[in-house]
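Survey of secondary and tertiary structure
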Amino acid sequence: MPYSSFTVSQVEETFNVSFQQGKIFDVIEKISISERLNYSLQDAKLFYLDNEKIKSEAVLFPVMAELMRRNSEYISIFSGKRLDVEPNTNLVGECDFLITAIPHLVRVKAPIIFVIEAKSDNIDYGLAQCSAQMLGTRKFNELEKEFVNPIYGCITTADAWQFMKLEKNIITVHNEKYYLNDLPEILGIFQYIINKNKK
């Protein structure tokens, strides 16, 4: 059973974690959208965004590219990589995007600080999957002797963005969803997490 097959109750029971809703971020500094990103998102409106693949290519990739342009000396971003860390507990499968705190990588290495999961239309469907991926991320880091706490995650439909945090045995779902119109805040959240993990 890969990450995508988990339910919330299975995540809780298998890994002895609990879910809560709460405030993860306080004051976030907004980041201005570059002209290049703005053009890319305008181009995305030319397409019918009806599945995860096209949403990932048309919206998520330009946002990730914006982060890379700002942080290329601090992070690497991977797309569509498998994170098979613990088959006996089903922590296996593909992740849409992973952000590591080491630049210029050609393969995924710890520490992974962020996992992003794209969904077609309903953020809630991705809650268990992203939670399992965050747990897999923590296990991956531990196996490579990198101990990152907390681990962050995000579920997105390309329009709606829900951020999460895994800290010890508690998964906190941020009590506010963000939308593409809030992109300066969304970029600010990513930047805040990258800044926290700069080496």
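Figured I'd write up the structure that's included with this text. Note that the structure is predicted; figures quoted are calculated from it, not measured. (Residues numbered from 1 in each chain as written. Predicted model: local features only at pLDDT ≥ 70, side-chain atom pairs only at ≥ 80, totals over all residues. Heavy atoms only, no water.)

**Some details on the overall build of the chain**
As a reminder, the rule being used: Secondary structure elements follow DSSP: runs of H or I no shorter than four residues count as helices, runs of E no shorter than two count as strands, and numbering proceeds from the N terminus. With the radius of gyration taken over C-alpha atoms, the globule rule is written as 2.2 Å times the number of residues to the power 0.38. Throughout this description, buried means an accessible area under 20% of the type-specific maximum (1.4 Å probe, protein chains only), exposed means over 50%, and partly exposed covers the range between. Any two residues whose heavy atoms approach within 4.5 Å are treated as being in contact. Under the convention used here, a 1.4 Å probe and the Shrake-Rupley method define accessible areas, while residue burial counts only the protein chains that appear. His is not counted, nor are the chain ends; Lys and Arg add positive charge and Asp and Glu add negative charge. Each charge is placed at NZ for Lys, CZ for Arg, CG for Asp and CD for Glu.
A tally of regular secondary structure across the chain gives five helices and eight strands. Start at the N end of the chain and walk to the C end: the helices and strands fall as α-β-α-α-β-β-β-α-β-β-β-β-α. On C-alpha atoms alone, the chain measures out to a radius of gyration of 16 Å, which is about the 16 Å that the 2.2 N^0.38 rule sets for 199 residues. The principal-axis extent of the C-alpha atoms belonging to the chain is close to 45 × 35 × 30 Å. Here the chain, with 199 residues, has 52% of them falling under the buried criterion. Restricting the contact set of the chain to residue pairs at least 6 apart, pairs at least 24 apart contribute 63%. Surface accessibility of the chain: about 9,900 Å² in total, with carbon and sulfur atoms responsible for 46%. Here the chain contributes 22 positively and 26 negatively charged side chains, and the mean placements of these two sets differ by 6 Å.

**Examining the side chain of Ser 76**
Under the convention used in this document: Polar contact is defined as a pair of N or O atoms within 3.5 Å, subject to the rule that within protein one atom must be able to donate a hydrogen and the other to accept it, and that residues adjacent in sequence are counted only when both atoms are side-chain atoms.
Looking at where Ser 76 falls in the secondary structure, it is placed in strand S2 (residues 76-82). Ser 76 sits in the buried class, given a relative accessible area of 4%. Side-chain polar atoms of Ser 76 contact the backbone oxygen of Ile 102, separated by 2.7 Å. Every residue in contact with Ser 76, bar those within four places of it in the chain, is listed here: Met 68, Leu 98, Ile 99, Thr 100, Ile 102, Pro 103, His 104 and Leu 105.

**Digging into the packing of aromatic side chains**
In plain terms, the rule: Two rings belonging to Phe, Tyr or Trp (six-membered ring only in the last case) form a pair when the distance between their centres is within 6.5 Å. Interplanar angles under 30 degrees mark stacking, angles over 60 mark edge-to-face geometry, and anything in between is tilted.
The tally for this structure, following the rule as stated, stands at ten aromatic pairs. Here the aromatic rings of Phe 25 and Tyr 192 are separated by 6.0 Å at their centres, their planes lie at 90 degrees, and the arrangement is edge-to-face. Here Phe 25 is found in the loop between strand S1 (18-22) and helix H2 (35-44), whereas its partner Tyr 192 is found in helix H5 (residues 183-196), with 167 residues between them in sequence. A relative accessible area of 3% means that Phe 25 is categorised as buried. Taking the relative accessible area as the measure of exposure, Tyr 192 reaches 34% and is therefore partly exposed. On the numbers, 6.3 Å between centres and 20 degrees between planes, the contact of Phe 114 with Tyr 152 is stacked. Of this pair, Phe 114 sits in strand S4 (residues 112-118) while Tyr 152 sits in strand S5 (residues 151-156), and the two are 38 residues apart along the sequence.

**A word on the pairing of strand S3 (residues 94-100)**
Put simply, the test is: For two strands to pair, DSSP has to find at least two bridges joining them.
Where burial is concerned, most of S3 is hidden: six out of the seven residues are buried. Bridge analysis of S2 against S3 gives six bridges, and the strand direction is antiparallel. Within S3, the residue paired with Ser 79 across the bridge is Phe 97. For S3 and S4, the ladder comprises four bridges, and the chain directions are antiparallel. Note that in S4 the partner of Thr 100 across the bridge is Ile 112.

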